[in-house]
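So you can see what is in the structure, the chains are spelled out below.
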Amino acid sequence: IAGITQAPTSQILAAGRRMTLRCTQDMRHNAMYWYRQDLGLGLRLIHYSNTAGTTGKGEVPDGYSVSRANTDDFPLTLASAVPSQTSVYFCASSDSYQSPSRANYGYTFGSGTRLTVV
Amino acid sequence: AQSVAQPEDQVNVAEGNPLTVKCTYSVSGNPYLFWYVQYPNRGLQFLLKYITGDNLVKGSYGFEAEFNKSQTSFHLKKPSALVSDSALYFCAVRARGDLTGANNLFFGTGTRLTVIP
């Protein structure tokens, strides 16, 4: 693995079903994020985590939950999917949330999960 | 509140011509600014950033961007466009001194660049 791995790549899900999108990074980044990308709306932050054991709500957290049991994994769960959650979901990470002068400051993104709720 | 505006949904440019993708931002205090590029069915890739110092920053693939504080802009530029530059481009901002510590970047809605052969 190099960077961020997201699974599945795509999924068609029946409304009302529970779904967990997986995200794993091998860069030992302390901060991780989940975004959804929708046409005309760009990327919107769902949840974030500064370090293992902590999480926070982003711009559009309703209907989603996250956990951060360790540094590498940051799964996103839809407890009961609805059609409005049809989107492309991106996981991202960054190496520090307090040192923007670092050479790698910024985000590393996964390749995304395309989710369709029907 | 932080926000980013990319006023053009679509930019078309002929191969070999200079290109500009516009970005303006709103943030309390001084900003950190970024450009990312997204190719089809891929995640976003970092292009360049402005943190401090020289207002003209250079990034990957020959791209550069100029931070203009008075106009609150951070336009992306390239002197000579390539067909392979065709992609979706996102501008992002974070406020300096973000006390939440969340390091959250706020993204614009994206601009689709098409370079015409």
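Everything in this summary refers to the structure shown in the same document.

Parameters at a glance
- Residues numbered from 1 in each chain as written.
- Chains lettered and ligands numbered in written order.
- Predicted model: local features only at pLDDT ≥ 70, side-chain atom pairs only at ≥ 80, totals over all residues.
- Heavy atoms only, no water.
- Helix = DSSP H or I, 4+ residues; strand = E, 2+ residues; numbered from the N terminus.
- Rg over C-alpha atoms; globule rule 2.2 N^0.38 Å.
- Buried < 20%, exposed > 50% of the residue type's maximum accessible area, 1.4 Å probe, protein only.
- Contact = heavy atoms within 4.5 Å.
- Disulfide = S-S within 2.5 Å.
- 1 Å grid on protein atoms, 1.4 Å probe; cavity = no way out; pocket = protein on both sides within 12 Å on 5 of 7 lines; lining within 4 Å.
- Points joined across faces, edges and corners; volume = space filled by probe spheres on them.
- Nonpolar A, V, L, I, M, F, W, Y, C, P; charged D, E, K, R; others polar.

For chain B, the count of helices and strands is zero helices and 12 strands. Its C-alpha atoms give chain B a radius of gyration of 14 Å, near enough to 13 Å, the size a compact globule of 117 residues would have. In terms of overall dimensions, chain B has C-alpha extents of about 45 × 30 × 25 Å along its principal axes. When burial is assessed residue by residue, chain B has 49% of its 117 residues classed as buried. Restricting the contact set of chain B to residue pairs at least 6 apart, pairs at least 24 apart contribute 59%.

Further remarks concern the state of the cysteines. Residues and elements named next belong to chain A. All chains considered together, the criterion is met by two disulfides over all chains. Between cysteine 23 and cysteine 91 runs a disulfide, and the two sulfur atoms are separated by 1.9 Å. Handedness here is read from the sign of the S-S torsion; for cysteine 23 and cysteine 91, about -70 degrees, the answer is left-handed. Of this pair, cysteine 23 sits in strand β3 (residues 19–25) while cysteine 91 sits in strand β9 (residues 87–94), and the two are 68 residues apart along the sequence.

This brings us to the layout of surface pockets. By volume, the largest pocket amounts to about 620 Å³. Around the largest pocket sit 27 residues that line it, and Gln37 and Arg114 of chain A together with Gln38, Leu88 and Arg112 of chain B are the ones nearest its centre. Residue assignment for the lining of the largest pocket shows that the elements contributing at least two residues are β1 (4–7), β4 (31–38), β9 and β11 (113–117) of chain A together with β10 (87–95) of chain B. The leading source of residues in the lining of the largest pocket is β1 of chain A, at three residues. In terms of residue class, the lining of the largest pocket is made up of eight nonpolar, 14 polar and five charged.

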